[in-house]
Amino acid sequence: MWIALLCAGSMWYYVQRVLVPYEKADSAAHQRPRGNLSDLYPRWLGARELLLHHRNPYGSDITTEIQKGYYGRELDPGRPDDPKDRQGFAYPLYVVFLLAPLIGFPFHGVQIFFHGLLVGLTAASVWLWLRVLRWELPLMAVVACVALTLGSFPALQGIKLQQLSLLVAALLAGSVACVASGSLFPGGVLLALATIKPQLAWPLVAWLLLWAASDWGARRKFVFGFGLVMALLLAGAEIILPGWWRMFAGAIGQYHQYTQNQSVIEVMLNELLGSAAGRSMGRVGAQILAVTATLACAPLLWKLRRERAEVSGFTCATALVLALTVLVIPMYAPYNQVLLLPVMLLLAREQAAFVSRSRARRLAYGLGALLLGWQWAASLGLTVVDLLVSRASALDGWQWPFFATFALPVWTFALIFFYVQDEPHRVQEAVK
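Rules used throughout
Residues numbered from 1 in each chain as written. Predicted model: local features only at pLDDT ≥ 70, side-chain atom pairs only at ≥ 80, totals over all residues. Heavy atoms only, no water. Helix = DSSP H or I, 4+ residues; strand = E, 2+ residues; numbered from the N terminus. Rg over C-alpha atoms; globule rule 2.2 N^0.38 Å. Buried < 20%, exposed > 50% of the residue type's maximum accessible area, 1.4 Å probe, protein only. Contact = heavy atoms within 4.5 Å. Areas by Shrake-Rupley, 256 points an atom, 1.4 Å probe, with all protein chains shown as cover. Lys, Arg positive; Asp, Glu negative; His and termini not counted. Charge placed at Lys NZ, Arg CZ, Asp CG, Glu CD. Axes fitted to C-alpha atoms, helices over the stretch in contact; angles between N-to-C directions. Nonpolar A, V, L, I, M, F, W, Y, C, P; charged D, E, K, R; others polar. Expected span 1.5 Å × (residues − 1). 1 Å grid on protein atoms, 1.4 Å probe; cavity = no way out; pocket = protein on both sides within 12 Å on 5 of 7 lines; lining within 4 Å. Points joined across faces, edges and corners; volume = space filled by probe spheres on them. pLDDT = per-residue confidence, 0-100. Patch = residues over 30% accessible without salt bridge, like charges linked within 9 Å, V, L, I, M, F, W, Y side chains within 5 Å. Salt bridge = Lys/Arg side-chain N within 4 Å of Asp/Glu carboxyl O. Core = buried A, V, L, I, M, F, W, Y, C linked by side-chain atoms within 4.5 Å. Polar contact = N/O pair within 3.5 Å; in protein donor to acceptor, adjacent residues only side chain to side chain. Phe/Tyr/Trp six-rings, centres within 6.5 Å; stacked < 30°, edge-to-face > 60°. Lys NZ or Arg CZ within 6 Å of the ring centre and 35° of its normal. Parallel < 35°, antiparallel > 145°, perpendicular 65-115°, else oblique. Left-handed = near helix turned anticlockwise from the far one by under 90°.

With that out of the way, let us pick up the overall build of the protein. Looking only at helices and strands, the protein has 21 helices and 0 strands in total. In terms of C-alpha radius of gyration, the protein reaches 22 Å, essentially the compact-globule figure of 22 Å for 432 residues. For the C-alpha atoms alone, the extent of the protein along its principal axes is close to 60 × 60 × 50 Å. Put simply, the protein has 432 residues, and 51% of those count as buried. Sequence separation of at least 24 residues holds for 75% of the intrachain contacts in the protein that already meet a minimum separation of 6. Total accessible area computed for the protein in this model is approximately 19300 Å², and 65% of it derives from carbon and sulfur atoms. Side chains of the protein give 34 positive and 24 negative charges; the mean places of these two sets differ by 5 Å.

Right under this line is the structure:
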(Lines give C-alpha, C1' and ligand atoms only; values in the text may rest on other atoms or scores of the structure.)
Protein backbone atom coordinates (compact mmCIF):
# COMPACT_ATOMS: atom_id res chain seq x y z
CA MET A 1 0.00 0.00 0.00
CA TRP A 2 2.78 2.42 0.88
CA ILE A 3 4.38 1.94 -2.54
CA ALA A 4 1.02 2.70 -4.17
CA LEU A 5 0.65 5.87 -2.09
CA LEU A 6 4.19 6.90 -3.01
CA CYS A 7 3.46 6.39 -6.71
CA ALA A 8 0.20 8.31 -6.51
CA GLY A 9 1.80 11.13 -4.55
CA SER A 10 4.64 11.45 -7.04
CA MET A 11 2.16 11.74 -9.92
CA TRP A 12 0.18 14.48 -8.19
CA TYR A 13 3.45 16.26 -7.41
CA TYR A 14 4.60 15.94 -11.04
CA VAL A 15 1.37 17.41 -12.38
CA GLN A 16 1.29 20.31 -9.92
CA ARG A 17 4.98 21.19 -9.80
CA VAL A 18 6.29 20.15 -13.23
CA LEU A 19 3.60 19.72 -15.88
CA VAL A 20 1.38 22.71 -15.01
CA PRO A 21 4.34 25.14 -14.67
CA TYR A 22 5.69 23.91 -17.99
CA GLU A 23 2.33 24.42 -19.71
CA LYS A 24 2.02 27.92 -18.25
CA ALA A 25 5.51 28.86 -19.39
CA ASP A 26 4.94 27.41 -22.85
CA SER A 27 1.63 29.25 -23.21
CA ALA A 28 3.22 32.52 -22.16
CA ALA A 29 6.10 32.04 -24.62
CA HIS A 30 3.67 31.46 -27.51
CA GLN A 31 1.00 33.90 -26.28
CA ARG A 32 -1.58 31.13 -26.01
CA PRO A 33 -4.55 32.09 -23.82
CA ARG A 34 -5.35 30.32 -20.56
CA GLY A 35 -8.67 30.76 -18.77
CA ASN A 36 -10.33 28.28 -16.44
CA LEU A 37 -9.39 25.40 -18.82
CA SER A 38 -12.26 23.34 -17.43
CA ASP A 39 -13.81 20.85 -19.83
CA LEU A 40 -16.96 21.09 -17.74
CA TYR A 41 -17.35 24.82 -18.46
CA PRO A 42 -18.62 24.61 -22.09
CA ARG A 43 -21.27 22.09 -21.06
CA TRP A 44 -22.23 24.01 -17.90
CA LEU A 45 -22.49 27.34 -19.72
CA GLY A 46 -24.50 25.80 -22.57
CA ALA A 47 -26.88 24.17 -20.09
CA ARG A 48 -27.30 27.40 -18.12
CA GLU A 49 -27.98 29.54 -21.17
CA LEU A 50 -30.44 27.03 -22.61
CA LEU A 51 -32.42 26.32 -19.43
CA LEU A 52 -32.37 29.82 -17.93
CA HIS A 53 -32.28 32.09 -20.97
CA HIS A 54 -33.58 29.82 -23.78
CA ARG A 55 -30.49 30.32 -25.95
CA ASN A 56 -29.19 27.74 -28.41
CA PRO A 57 -26.03 26.17 -26.90
CA TYR A 58 -24.84 25.15 -30.37
CA GLY A 59 -24.88 28.76 -31.59
CA SER A 60 -21.74 30.72 -32.44
CA ASP A 61 -22.58 33.37 -29.82
CA ILE A 62 -22.46 30.75 -27.06
CA THR A 63 -19.20 29.38 -28.47
CA THR A 64 -17.69 32.87 -28.21
CA GLU A 65 -18.80 33.16 -24.59
CA ILE A 66 -17.39 29.72 -23.84
CA GLN A 67 -14.01 30.74 -25.27
CA LYS A 68 -13.91 33.84 -23.08
CA GLY A 69 -14.31 31.69 -20.00
CA TYR A 70 -12.30 28.65 -21.06
CA TYR A 71 -9.38 30.47 -22.69
CA GLY A 72 -9.77 33.91 -21.09
CA ARG A 73 -10.55 35.57 -24.43
CA GLU A 74 -12.07 34.84 -27.81
CA LEU A 75 -9.83 32.83 -30.11
CA ASP A 76 -8.26 34.75 -32.98
CA PRO A 77 -7.91 32.82 -36.28
CA GLY A 78 -5.17 35.29 -37.24
CA ARG A 79 -2.93 34.06 -34.43
CA PRO A 80 -1.24 30.85 -35.55
CA ASP A 81 -0.39 29.80 -31.99
CA ASP A 82 -3.96 30.05 -30.71
CA PRO A 83 -5.57 26.70 -29.83
CA LYS A 84 -7.43 24.95 -32.64
CA ASP A 85 -10.15 23.55 -30.39
CA ARG A 86 -12.94 26.15 -30.44
CA GLN A 87 -14.59 24.54 -27.38
CA GLY A 88 -18.06 24.50 -28.91
CA PHE A 89 -20.98 22.67 -27.31
CA ALA A 90 -20.33 19.32 -29.01
CA TYR A 91 -22.43 17.07 -26.77
CA PRO A 92 -25.91 15.56 -27.10
CA LEU A 93 -28.37 18.15 -25.84
CA TYR A 94 -29.69 15.91 -23.09
CA VAL A 95 -26.45 16.38 -21.15
CA VAL A 96 -28.14 19.55 -19.84
CA PHE A 97 -30.50 17.41 -17.76
CA LEU A 98 -27.57 15.96 -15.80
CA LEU A 99 -26.04 19.41 -15.30
CA ALA A 100 -29.30 21.20 -14.50
CA PRO A 101 -28.81 21.04 -10.69
CA LEU A 102 -25.55 23.00 -11.05
CA ILE A 103 -26.58 25.89 -13.29
CA GLY A 104 -27.77 28.11 -10.45
CA PHE A 105 -24.37 28.27 -8.77
CA PRO A 106 -21.23 30.29 -9.64
CA PHE A 107 -18.88 28.25 -11.77
CA HIS A 108 -16.03 28.43 -9.27
CA GLY A 109 -18.18 26.64 -6.72
CA VAL A 110 -19.31 24.16 -9.36
CA GLN A 111 -15.66 23.39 -10.12
CA ILE A 112 -14.90 22.61 -6.48
CA PHE A 113 -17.95 20.36 -6.18
CA PHE A 114 -17.30 18.56 -9.47
CA HIS A 115 -13.65 18.02 -8.58
CA GLY A 116 -14.68 16.21 -5.40
CA LEU A 117 -17.43 14.34 -7.23
CA LEU A 118 -15.02 12.96 -9.83
CA VAL A 119 -12.55 11.88 -7.14
CA GLY A 120 -15.32 10.06 -5.29
CA LEU A 121 -16.81 8.46 -8.41
CA THR A 122 -13.42 7.30 -9.68
CA ALA A 123 -12.62 5.74 -6.31
CA ALA A 124 -16.06 4.10 -6.24
CA SER A 125 -15.45 2.71 -9.74
CA VAL A 126 -12.58 0.63 -8.37
CA TRP A 127 -14.90 -0.95 -5.82
CA LEU A 128 -17.61 -1.52 -8.44
CA TRP A 129 -15.29 -3.26 -10.87
CA LEU A 130 -13.89 -5.43 -8.09
CA ARG A 131 -17.47 -6.52 -7.38
CA VAL A 132 -18.04 -7.25 -11.07
CA LEU A 133 -14.88 -9.36 -11.10
CA ARG A 134 -15.87 -10.97 -7.79
CA TRP A 135 -12.33 -10.39 -6.62
CA GLU A 136 -12.24 -10.15 -2.85
CA LEU A 137 -9.14 -8.26 -1.76
CA PRO A 138 -7.95 -7.24 1.70
CA LEU A 139 -8.79 -3.69 2.68
CA MET A 140 -5.21 -2.49 2.27
CA ALA A 141 -5.07 -3.95 -1.23
CA VAL A 142 -8.29 -2.14 -2.15
CA VAL A 143 -6.82 1.10 -0.78
CA ALA A 144 -3.73 0.52 -2.93
CA CYS A 145 -5.89 -0.02 -6.03
CA VAL A 146 -7.80 3.19 -5.33
CA ALA A 147 -4.56 5.11 -4.76
CA LEU A 148 -2.99 3.86 -7.98
CA THR A 149 -6.17 4.64 -9.92
CA LEU A 150 -6.49 8.19 -8.56
CA GLY A 151 -2.74 8.60 -8.95
CA SER A 152 -2.66 7.46 -12.57
CA PHE A 153 -2.17 10.18 -15.14
CA PRO A 154 -5.43 9.48 -17.06
CA ALA A 155 -7.55 9.83 -13.90
CA LEU A 156 -5.57 12.80 -12.62
CA GLN A 157 -5.83 14.59 -15.96
CA GLY A 158 -9.57 13.98 -16.05
CA ILE A 159 -10.00 15.29 -12.50
CA LYS A 160 -7.92 18.40 -13.17
CA LEU A 161 -9.88 19.17 -16.33
CA GLN A 162 -13.26 18.22 -14.81
CA GLN A 163 -13.72 15.87 -17.74
CA LEU A 164 -17.09 14.21 -18.21
CA SER A 165 -15.27 11.08 -19.37
CA LEU A 166 -14.73 10.21 -15.70
CA LEU A 167 -18.44 10.61 -15.00
CA VAL A 168 -19.24 8.39 -17.97
CA ALA A 169 -16.69 5.80 -16.81
CA ALA A 170 -18.37 5.71 -13.40
CA LEU A 171 -21.82 5.34 -14.97
CA LEU A 172 -20.56 2.46 -17.10
CA ALA A 173 -19.04 0.80 -14.04
CA GLY A 174 -22.32 1.25 -12.17
CA SER A 175 -24.30 -0.16 -15.08
CA VAL A 176 -22.18 -3.31 -15.41
CA ALA A 177 -22.14 -3.76 -11.61
CA CYS A 178 -25.95 -3.61 -11.56
CA VAL A 179 -26.16 -6.15 -14.37
CA ALA A 180 -23.67 -8.46 -12.64
CA SER A 181 -25.72 -8.33 -9.43
CA GLY A 182 -28.99 -9.02 -11.22
CA SER A 183 -30.38 -5.46 -11.08
CA LEU A 184 -31.07 -5.25 -14.79
CA PHE A 185 -33.47 -2.30 -14.96
CA PRO A 186 -31.14 0.09 -13.01
CA GLY A 187 -28.25 -1.17 -15.14
CA GLY A 188 -30.09 -0.09 -18.27
CA VAL A 189 -30.92 3.30 -16.74
CA LEU A 190 -27.26 4.02 -15.89
CA LEU A 191 -26.12 2.91 -19.33
CA ALA A 192 -28.55 5.32 -20.99
CA LEU A 193 -27.21 8.20 -18.88
CA ALA A 194 -23.67 7.27 -19.94
CA THR A 195 -24.51 8.06 -23.58
CA ILE A 196 -23.86 11.76 -22.91
CA LYS A 197 -20.48 10.81 -24.43
CA PRO A 198 -21.68 8.53 -27.25
CA GLN A 199 -18.25 7.59 -28.55
CA LEU A 200 -17.31 6.13 -25.16
CA ALA A 201 -20.62 4.48 -24.33
CA TRP A 202 -22.06 3.05 -27.53
CA PRO A 203 -19.60 0.16 -28.03
CA LEU A 204 -20.60 -1.12 -24.58
CA VAL A 205 -24.25 -0.35 -25.37
CA ALA A 206 -24.03 -2.53 -28.48
CA TRP A 207 -22.45 -5.39 -26.53
CA LEU A 208 -24.92 -5.28 -23.64
CA LEU A 209 -27.94 -5.05 -25.93
CA LEU A 210 -26.65 -8.09 -27.84
CA TRP A 211 -26.16 -9.87 -24.52
CA ALA A 212 -29.68 -8.96 -23.37
CA ALA A 213 -31.30 -9.99 -26.65
CA SER A 214 -29.61 -13.40 -26.45
CA ASP A 215 -31.80 -14.34 -23.47
CA TRP A 216 -34.75 -12.01 -23.85
CA GLY A 217 -36.96 -13.64 -21.28
CA ALA A 218 -34.45 -13.28 -18.46
CA ARG A 219 -32.77 -10.03 -19.51
CA ARG A 220 -35.50 -7.89 -21.07
CA LYS A 221 -35.67 -5.60 -18.02
CA PHE A 222 -32.24 -4.28 -18.96
CA VAL A 223 -33.51 -3.24 -22.40
CA PHE A 224 -36.62 -1.71 -20.86
CA GLY A 225 -34.56 0.41 -18.47
CA PHE A 226 -32.20 1.55 -21.21
CA GLY A 227 -34.96 2.20 -23.75
CA LEU A 228 -37.20 4.10 -21.33
CA VAL A 229 -34.50 6.51 -20.18
CA MET A 230 -33.15 7.01 -23.71
CA ALA A 231 -36.67 7.82 -24.91
CA LEU A 232 -37.15 10.32 -22.08
CA LEU A 233 -33.78 11.97 -22.74
CA LEU A 234 -34.34 12.25 -26.48
CA ALA A 235 -37.93 13.44 -26.14
CA GLY A 236 -37.02 15.97 -23.46
CA ALA A 237 -34.20 17.33 -25.60
CA GLU A 238 -36.51 17.66 -28.60
CA ILE A 239 -39.08 19.54 -26.53
CA ILE A 240 -36.67 22.17 -25.22
CA LEU A 241 -34.78 22.58 -28.53
CA PRO A 242 -36.55 21.11 -31.60
CA GLY A 243 -34.15 19.77 -34.23
CA TRP A 244 -31.23 19.68 -31.79
CA TRP A 245 -29.85 16.47 -33.28
CA ARG A 246 -29.06 18.23 -36.57
CA MET A 247 -27.19 20.95 -34.67
CA PHE A 248 -25.37 18.30 -32.68
CA ALA A 249 -24.32 16.47 -35.86
CA GLY A 250 -23.04 19.75 -37.29
CA ALA A 251 -21.13 20.52 -34.08
CA ILE A 252 -19.50 17.08 -34.15
CA GLY A 253 -18.47 17.59 -37.78
CA GLN A 254 -16.93 20.96 -36.98
CA TYR A 255 -15.22 19.53 -33.91
CA HIS A 256 -13.46 16.80 -35.86
CA GLN A 257 -12.58 19.29 -38.60
CA TYR A 258 -10.81 21.83 -36.41
CA THR A 259 -9.27 19.39 -33.93
CA GLN A 260 -8.27 16.69 -36.46
CA ASN A 261 -8.89 14.12 -33.74
CA GLN A 262 -7.05 10.86 -34.04
CA SER A 263 -7.33 7.42 -32.52
CA VAL A 264 -4.58 5.89 -30.41
CA ILE A 265 -3.66 3.66 -33.35
CA GLU A 266 -3.36 6.63 -35.70
CA VAL A 267 -1.16 8.56 -33.28
CA MET A 268 1.22 5.63 -33.00
CA LEU A 269 1.34 5.07 -36.76
CA ASN A 270 2.02 8.78 -37.35
CA GLU A 271 4.89 8.65 -34.88
CA LEU A 272 6.35 5.66 -36.68
CA LEU A 273 5.84 6.93 -40.24
CA GLY A 274 6.50 10.67 -39.76
CA SER A 275 6.21 13.16 -42.69
CA ALA A 276 2.99 14.45 -44.26
CA ALA A 277 2.72 11.47 -46.62
CA GLY A 278 3.23 9.17 -43.65
CA ARG A 279 0.41 10.87 -41.75
CA SER A 280 -1.94 10.26 -44.67
CA MET A 281 -0.92 6.62 -44.71
CA GLY A 282 -1.28 6.55 -40.94
CA ARG A 283 -4.93 7.63 -41.11
CA VAL A 284 -5.77 4.94 -43.67
CA GLY A 285 -3.75 2.34 -41.80
CA ALA A 286 -5.44 3.23 -38.51
CA GLN A 287 -8.88 2.82 -40.07
CA ILE A 288 -7.91 -0.57 -41.47
CA LEU A 289 -6.50 -1.72 -38.12
CA ALA A 290 -9.56 -0.43 -36.25
CA VAL A 291 -11.89 -2.39 -38.52
CA THR A 292 -9.64 -5.44 -38.22
CA ALA A 293 -9.62 -5.27 -34.41
CA THR A 294 -13.39 -4.88 -34.33
CA LEU A 295 -13.96 -7.81 -36.70
CA ALA A 296 -11.54 -9.94 -34.68
CA CYS A 297 -13.52 -9.26 -31.50
CA ALA A 298 -16.91 -9.92 -33.08
CA PRO A 299 -16.80 -13.76 -33.08
CA LEU A 300 -15.51 -13.82 -29.50
CA LEU A 301 -18.33 -11.58 -28.32
CA TRP A 302 -20.88 -13.57 -30.29
CA LYS A 303 -19.68 -16.75 -28.62
CA LEU A 304 -19.96 -15.18 -25.16
CA ARG A 305 -23.30 -13.45 -25.65
CA ARG A 306 -25.24 -16.13 -23.77
CA GLU A 307 -22.99 -16.13 -20.71
CA ARG A 308 -24.65 -15.24 -17.43
CA ALA A 309 -23.56 -11.93 -15.95
CA GLU A 310 -22.12 -13.60 -12.86
CA VAL A 311 -19.56 -15.73 -14.71
CA SER A 312 -16.19 -14.79 -16.09
CA GLY A 313 -17.18 -15.00 -19.75
CA PHE A 314 -19.40 -11.94 -19.40
CA THR A 315 -16.71 -10.06 -17.45
CA CYS A 316 -14.01 -10.84 -19.99
CA ALA A 317 -16.22 -9.82 -22.90
CA THR A 318 -17.06 -6.52 -21.20
CA ALA A 319 -13.38 -5.81 -20.53
CA LEU A 320 -12.56 -6.63 -24.15
CA VAL A 321 -15.21 -4.18 -25.42
CA LEU A 322 -13.83 -1.38 -23.23
CA ALA A 323 -10.26 -2.08 -24.36
CA LEU A 324 -11.44 -1.99 -27.98
CA THR A 325 -13.25 1.30 -27.33
CA VAL A 326 -10.12 3.04 -26.10
CA LEU A 327 -8.17 1.65 -29.02
CA VAL A 328 -10.41 2.69 -31.92
CA ILE A 329 -12.40 5.80 -30.97
CA PRO A 330 -11.09 8.95 -32.72
CA MET A 331 -10.01 10.50 -29.43
CA TYR A 332 -6.54 9.86 -28.03
CA ALA A 333 -6.74 11.99 -24.86
CA PRO A 334 -5.21 10.04 -21.95
CA TYR A 335 -8.21 10.64 -19.68
CA ASN A 336 -10.25 8.24 -21.84
CA GLN A 337 -7.96 5.45 -20.61
CA VAL A 338 -9.91 5.36 -17.33
CA LEU A 339 -12.09 2.91 -19.26
CA LEU A 340 -9.20 0.44 -19.03
CA LEU A 341 -9.61 0.09 -15.25
CA PRO A 342 -11.54 -3.23 -15.39
CA VAL A 343 -9.07 -4.55 -17.95
CA MET A 344 -6.13 -3.75 -15.66
CA LEU A 345 -7.85 -5.32 -12.66
CA LEU A 346 -8.73 -8.44 -14.66
CA LEU A 347 -5.18 -8.82 -15.95
CA ALA A 348 -3.81 -8.31 -12.42
CA ARG A 349 -6.13 -10.97 -11.04
CA GLU A 350 -5.14 -13.41 -13.77
CA GLN A 351 -1.40 -12.92 -13.34
CA ALA A 352 -0.89 -16.65 -12.76
CA ALA A 353 -2.48 -17.44 -16.11
CA PHE A 354 0.29 -15.50 -17.81
CA VAL A 355 3.42 -16.11 -15.74
CA SER A 356 2.84 -19.86 -15.42
CA ARG A 357 2.51 -20.46 -19.16
CA SER A 358 4.88 -19.97 -22.08
CA ARG A 359 7.90 -17.69 -22.04
CA ALA A 360 6.31 -15.48 -24.72
CA ARG A 361 3.23 -15.06 -22.55
CA ARG A 362 5.37 -14.10 -19.55
CA LEU A 363 7.32 -11.57 -21.61
CA ALA A 364 4.13 -10.04 -23.01
CA TYR A 365 2.65 -9.72 -19.55
CA GLY A 366 5.88 -8.27 -18.18
CA LEU A 367 6.01 -5.68 -20.96
CA GLY A 368 2.42 -4.69 -20.21
CA ALA A 369 3.30 -4.22 -16.54
CA LEU A 370 6.31 -2.14 -17.56
CA LEU A 371 4.18 0.09 -19.80
CA LEU A 372 1.66 0.59 -17.00
CA GLY A 373 4.28 1.29 -14.35
CA TRP A 374 6.36 3.65 -16.45
CA GLN A 375 4.16 6.67 -15.67
CA TRP A 376 4.88 6.33 -11.95
CA ALA A 377 8.56 5.55 -12.41
CA ALA A 378 8.92 8.69 -14.54
CA SER A 379 6.89 10.90 -12.20
CA LEU A 380 8.86 9.63 -9.20
CA GLY A 381 12.11 10.36 -11.02
CA LEU A 382 11.03 13.88 -11.92
CA THR A 383 9.90 14.47 -8.35
CA VAL A 384 13.38 13.54 -7.12
CA VAL A 385 15.00 15.74 -9.78
CA ASP A 386 12.79 18.69 -8.83
CA LEU A 387 13.50 18.31 -5.12
CA LEU A 388 17.20 17.46 -5.24
CA VAL A 389 18.54 18.93 -8.48
CA SER A 390 16.63 21.87 -9.94
CA ARG A 391 13.22 22.91 -11.22
CA ALA A 392 14.73 23.65 -14.64
CA SER A 393 16.03 20.08 -14.98
CA ALA A 394 12.64 18.69 -14.02
CA LEU A 395 10.89 20.92 -16.55
CA ASP A 396 13.24 19.67 -19.26
CA GLY A 397 11.94 16.16 -18.64
CA TRP A 398 8.24 17.00 -18.50
CA GLN A 399 7.47 14.50 -21.28
CA TRP A 400 8.88 11.45 -19.51
CA PRO A 401 5.60 10.12 -18.04
CA PHE A 402 3.99 10.22 -21.51
CA PHE A 403 6.40 7.87 -23.25
CA ALA A 404 4.16 4.80 -22.78
CA THR A 405 0.81 6.62 -23.01
CA PHE A 406 -0.22 5.40 -26.45
CA ALA A 407 1.51 2.03 -26.38
CA LEU A 408 -0.35 0.97 -23.23
CA PRO A 409 -3.88 0.76 -24.77
CA VAL A 410 -2.54 -1.20 -27.73
CA TRP A 411 -0.66 -3.70 -25.59
CA THR A 412 -3.52 -3.98 -23.11
CA PHE A 413 -5.97 -4.76 -25.89
CA ALA A 414 -3.64 -7.45 -27.23
CA LEU A 415 -3.29 -9.05 -23.80
CA ILE A 416 -7.01 -9.20 -23.07
CA PHE A 417 -7.84 -10.28 -26.62
CA PHE A 418 -5.49 -13.26 -26.55
CA TYR A 419 -6.49 -14.10 -23.00
CA VAL A 420 -10.13 -14.39 -24.06
CA GLN A 421 -9.25 -16.19 -27.26
CA ASP A 422 -6.65 -18.64 -25.93
CA GLU A 423 -8.15 -19.46 -22.56
CA PRO A 424 -11.70 -20.64 -23.32
CA HIS A 425 -11.76 -22.92 -20.28
CA ARG A 426 -10.98 -19.94 -18.03
CA VAL A 427 -13.55 -17.76 -19.77
CA GLN A 428 -16.24 -20.37 -19.11
CA GLU A 429 -15.45 -20.75 -15.40
CA ALA A 430 -17.24 -18.81 -12.71
CA VAL A 431 -15.11 -16.05 -11.27
CA LYS A 432 -13.54 -17.18 -8.05
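The rest of the description comes next.
Okay, the packing of helix α10 (residues 198–213) against helix α11 (residues 216–240) next. Look at α10 against α11: their axes get within 7 Å of each other, and the N-to-C directions meet at 145°. Facing α10, whose interface residues are W202, V205, L208, L209, W211, A212 and A213, α11 presents W216, R219, F222, V223, F226 and M230. Of the residues assigned to the contact of α10 with α11, the class counts are 12 nonpolar, no polar and 1 charged.

Turning next to helix α5 (residues 107–133). Between the first and last C-alpha of α5 there are 38 Å, a value that for 27 residues agrees with the 39 Å anticipated at 1.5 Å per step. Backbone geometry just after α5 places R134 at a positive phi near 55°.

In this structure, the second largest pocket occupies an estimated 1000 Å³ of space. Taken together, 47 residues make up the lining of the second largest pocket; nearest its centre are L148, M344, L345, L372 and W376. Broken down by element, the residue count for the lining of the second largest pocket peaks at 9 residues, all from helix α18 (residues 359–388). Taken together, the residues that form the lining of the second largest pocket break down as 36 nonpolar, 11 polar and no charged.

With that out of the way, let us pick up the confidence of the model for the protein. On average, residues of the protein score 91 in pLDDT, and 96% of them are at 70 or above. The low-confidence segment residues 427–432 (pLDDT under 50) makes 21 contacts with residues lying over four places distant or belonging to another chain.

In this section: a nonpolar patch on the surface. Taken together, the side chains of L6, L380, V384, L387, L388 and V389 define a hydrophobic patch exposed on the protein surface, amounting to about 580 Å² of accessible area. If one sorts the elements of the nonpolar patch by residue count, α18 sits on top with 4 residues. Considering the arrangement of structural elements, one finds L388 in helix α18. On the basis of relative accessibility, which here comes to 70%, the residue L388 falls in the exposed class.

Take the nonpolar core next. Judged by nonpolar contacts, the single largest core of 121 residues is most densely connected at L172, L204, W207, F413 and I416. With 12 residues, helix α8 (residues 164–180) is the largest single contributor of residues to this core. If near-sequence neighbours (up to four positions away) are discounted, W207 is found in contact with L301, L304, R305, F314, A317, T318 and V321. Counting residues in each nonpolar core, the second largest holds 13 residues, with Y14, V15, V18 and F153 among its members.

So, on to the pattern of salt bridges. Counted by the stated rule, this structure contains 10 salt bridges. By sharing partners, the salt bridges in this structure join R48, E49, R55, D61 and E65 into a single network.

A few words on helix α15 (residues 312–328). The α-helix advances 3.6 residues per turn, and as a result positions three or four apart in sequence lie on the same side. For α15, which comprises 17 residues, the first-to-last C-alpha distance of 24 Å matches the rise-based estimate of 24 Å (1.5 Å per residue) to within 8%. Burial analysis of α15 places 16 of its 17 residues in the buried class, which makes it a mostly covered element.

On to the side chain of T412. Tracing the chain through its elements places T412 in helix α20 (residues 407–422). With relative accessibility at 3%, the residue T412 sits in the buried group. Among the polar contacts listed, one links the side chain of T412 to the backbone oxygen of L408, at a separation of 2.7 Å. If sequence neighbours within four positions are ignored, T412 has contacts with L340, V343, M344 and L347.

Counted according to the given criterion, the structure contains 18 aromatic pairs. Relative to F248, the ring of W244 has its centre 6.1 Å away and its plane inclined at 40°; by these criteria the two rings are tilted. On the criterion of helical spacing, the pair formed by W244 and F248 is a turn pair, its members being 4 residues apart in helix α12 (residues 244–259). With respect to class, W244 is no different from F248; both count as buried. Linked through ring pairs, Y22, F153, W398 and F402 together constitute an aromatic cluster. Above the face of the W302 ring, R305 is positioned so that its terminal group lies 3.7 Å from the ring centre.

Looking at the secondary structure, you find D85 in the loop between α3 (60–70) and α4 (95–99). The sequence separation of D85 and L75 amounts to 10 residues, and the corresponding C-alpha distance is 9.3 Å. A distance of 2.9 Å separates the side chain of D85 from the backbone nitrogen of Q87, its partner in a polar contact.

This part covers the packing of α5 against α8. At a minimum axis distance of 9 Å, the contact between α5 and α8 shows a crossing angle of 30°. Comparing the axis directions of α5 and α8 gives the class roughly parallel. By crossing handedness, the relation of α5 to α8 is classed as left-handed. On α8, the residues that touch F114, L118, L121, T122, S125, L128, W129 and V132 of α5 are L164, L166, L167, A169, A170, L172, A173, G174, V176, A177 and A180. Across the contact of α5 with α8, the residue classes tally to 16 nonpolar, 3 polar and no charged.

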